[in-house]
Amino acid sequence: MVTTIVVGGFFGDEGKGKIVAHIAYTDHPSIIARGGVGPNAGHTVIKDGVKHGVRMIPSGFIYDNARLLIGAGVLVDPVVLDKEVSLLNAGSRLGVDYRCSIIEAKHIEEDKGTERLAKKIGTTGTGCGPANKERVMRSALQAKDVPALKSYLTDVAKECNDAIDRGESIIIEGSQGFGISLFYGTYPFVTSKDTSASQLAADVGVGPTRIDEVVVVFKAFPTRVGEGPFPTEMTKDDAQERGIAEFGTVTGRARRIGYWDPEMARYSAMINGATQAAITGLDRIDPACKGVTDWDKLPDKVKDFIRQAEKDVGIPFTLLSTGPSLDEIIDLRKR
């Protein structure tokens, strides 16, 4: 049984939701706990041809046998959470740490109304920065102060550590990507806290010695939403020629598209302490690999890309996504 962290390696939108879902279905965790900033990042998971987008509830919700937890380090917007609970009928499995800070309407107004945040930085306008500011000033509401959340309140750290003590597998999933970490990202074009694996462990109250695997998720062609440096960004014409057009789950804004960045990938893996990597979007390198589930059946072009990426990053690439659906994946973890 293992404790696994799944973390984004580029600027977000790497496909962490699908990777979490796959690991859940194969490793059968008793708990899937969410770290990260708050509802400013969306995860998209496709199950049975149906697309699900979530911003608060862990993207591993589609694995029905896991308890779903939101760690103390995560900002909670009760309005967003209530909508997702109703949409996904996941309330009976959900636990929210009583120490989570709350996003209020005033935080969203401040986020959208502050020109520096809205225009220069290009935030999502979901209130996370102002809510984290109030948390730092020790004046924020906590989940325990909100009656609507009463039925979900729990001690996430205790639940996670008790599960580990019982020898059960758990998954800690992140939101956002390494490139917008407040500490290690392209400051000031970043989110309002660290997004690395160490932070995710702290968000749910699991100490570093209890983590077995850190899976860093990359994208064959990285993307970025909003402003900020993007060294490998391709032109819109190049993206169009490759048939790549993506839009943010939360904002709906067009994502900027880039080429594989070996330097950033290696640095990201180092800071995250990654033990293995997952990569998505391989079907954009060669459409012939769409839906392939066997390494031996991959086109040589894709195999060569993976081998070079492993040299670039210095860790094994064990989860290879060949399409958006859950079954379009090659799992080499036990090879």
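All values derive from a computational prediction rather than experimental measurement.

A. Quick look at the overall build of the chain. When you go through the chain residue by residue, the secondary structure sums to ten helices and 14 strands. In terms of overall dimensions, the chain is globule-like: its C-alpha atoms have a radius of gyration of 19 Å, near the 20 Å expected for 335 residues. Overall size of the chain, expressed as C-alpha extent along the three principal axes, is 55 × 50 × 35 Å. Within the chain, the proportion of its 335 residues that are buried is 56%. A sequence separation of at least 24 residues applies to 76% of the contacts in the chain between residues at least 6 apart. Carbon and sulfur atoms form 51% of the exposed surface of the chain, whose accessible area is close to 14,300 Å². The chain carries 42 positive and 45 negative side-chain charges, and their two centres are separated by 2 Å.

B. Representation of the packing of aromatic side chains in the model. What the rule picks out here adds up to eleven aromatic pairs. Relative to phenylalanine 305, the ring of tryptophan 260 has its centre 5.6 Å away and its plane inclined at 70 degrees; by these criteria the two rings are edge-to-face. Placement of the pair is tryptophan 260 in the loop between strand 11 (256-257) and helix 9 (262-272) and phenylalanine 305 in helix 10 (residues 300-313), with a sequence separation of 45 residues. Grouping residues by exposure puts tryptophan 260 and phenylalanine 305 together as buried. Through pairs of rings, three or more aromatic residues link up here, namely Phe10, Phe218, Trp260, Phe305 and Phe317.

C. Seen up close, the nonpolar core. Ranked by size, the top nonpolar core spans 54 residues in total, and within it Phe218, Trp260, Ile279, Phe317 and Leu320 carry the most contacts. It is helix 10 that contributes the most residues to this core, five residues altogether. Leave out the neighbours within four places in its chain, and leucine 320 touches Ile279, Leu282, Trp295, Leu298, Ile306, Glu328, Ile329, Ile330 and Leu332. Core analysis: the next-biggest nonpolar cluster, separate from the first, contains 39 residues, Ile62, Tyr63, Leu68 and Leu319 among them.

D. Seen up close, the packing of helix 3 (residues 105-113) against helix 5 (residues 128-136). In the contact formed by helix 3 and helix 5, the axes pass within 7 Å of each other and the chain directions differ by 120 degrees. Classed by the angle they form, the pair helix 3 and helix 5 counts as oblique. Where helix 3 crosses over helix 5, the handedness of that crossing is right-handed. Facing Lys106, His107, Glu110 and Asp111 of helix 3, the residues of helix 5 in contact are Cys128, Pro130, Ala131, Lys133 and Glu134.

E. Up close: the sheet that holds strand 13 (residues 317-321). With mixed pairing, the ten strands of this open sheet are ordered in space as 7-6-5-2-8-1-9-12-13-14. Edge strands, defined here as strands with exactly one partner in the open sheet, are strand 7 (153-154) and strand 14 (329-331). Bridge count between strand 2 (residues 31-34) and strand 8 (residues 170-173): four bridges; the pairing is parallel. Of the residues in strand 8, the one forming a bridge with isoleucine 32 is isoleucine 171. Sitting on the sheet, helix 1 (residues 16-27) touches strand 1 (3-8), strand 2, strand 8, strand 9 (213-219), strand 12 (276-280), strand 13 and strand 14, and the angle it makes with strand 1 is about 165 degrees.

F. Representation of the packing of helix 9 against helix 10 in the model. Interaxial distance between helix 9 and helix 10 falls to 8 Å at its minimum, and their mutual angle equals 55 degrees. The orientation of helix 9 relative to helix 10 falls into the category oblique. In this structure, the crossing between helix 9 and helix 10 has a hand that is right-handed. For the pair helix 9 and helix 10, the contacting residues are Pro262, Ala265, Arg266 and Ala269 in the first and Lys311, Asp312 and Val313 in the second. When grouped by side-chain class, the residues that make up the contact of helix 9 with helix 10 number four nonpolar, no polar and three charged.

G. Representation of the pattern of salt bridges. One pass over the structure, following the stated rule, counts 20 salt bridges. A salt bridge links lysine 106 to glutamate 134; the nearest nitrogen and oxygen atoms lie 3.4 Å apart. One end of the pair, lysine 106, is in helix 3; the other, glutamate 134, is in helix 5, and 28 residues separate them in sequence. The buried category is assigned to glutamate 134, whose relative accessible area is 15%. The salt bridge involving lysine 133 is made with glutamate 110; its shortest N-O contact spans 2.7 Å. Within this pair, whereas lysine 133 is found in helix 5, its partner glutamate 110 is found in helix 3, the two being separated by 23 residues in sequence. What makes lysine 133 partly exposed here is its relative accessible area of 46%. The class for glutamate 110 is partly exposed, based on a relative accessible area of 30%.

Calculation notes
Residues numbered from 1 in each chain as written. Predicted model: local features only at pLDDT ≥ 70, side-chain atom pairs only at ≥ 80, totals over all residues. Heavy atoms only, no water. Helix = DSSP H or I, 4+ residues; strand = E, 2+ residues; numbered from the N terminus. Rg over C-alpha atoms; globule rule 2.2 N^0.38 Å. Buried < 20%, exposed > 50% of the residue type's maximum accessible area, 1.4 Å probe, protein only. Contact = heavy atoms within 4.5 Å. Areas by Shrake-Rupley, 256 points an atom, 1.4 Å probe, with all protein chains shown as cover. Lys, Arg positive; Asp, Glu negative; His and termini not counted. Charge placed at Lys NZ, Arg CZ, Asp CG, Glu CD. Phe/Tyr/Trp six-rings, centres within 6.5 Å; stacked < 30°, edge-to-face > 60°. Core = buried A, V, L, I, M, F, W, Y, C linked by side-chain atoms within 4.5 Å. Axes fitted to C-alpha atoms, helices over the stretch in contact; angles between N-to-C directions. Parallel < 35°, antiparallel > 145°, perpendicular 65-115°, else oblique. Left-handed = near helix turned anticlockwise from the far one by under 90°. Pairing = 2+ DSSP bridges. Nonpolar A, V, L, I, M, F, W, Y, C, P; charged D, E, K, R; others polar. Salt bridge = Lys/Arg side-chain N within 4 Å of Asp/Glu carboxyl O.

Nothing here speaks to function; it is all geometry.
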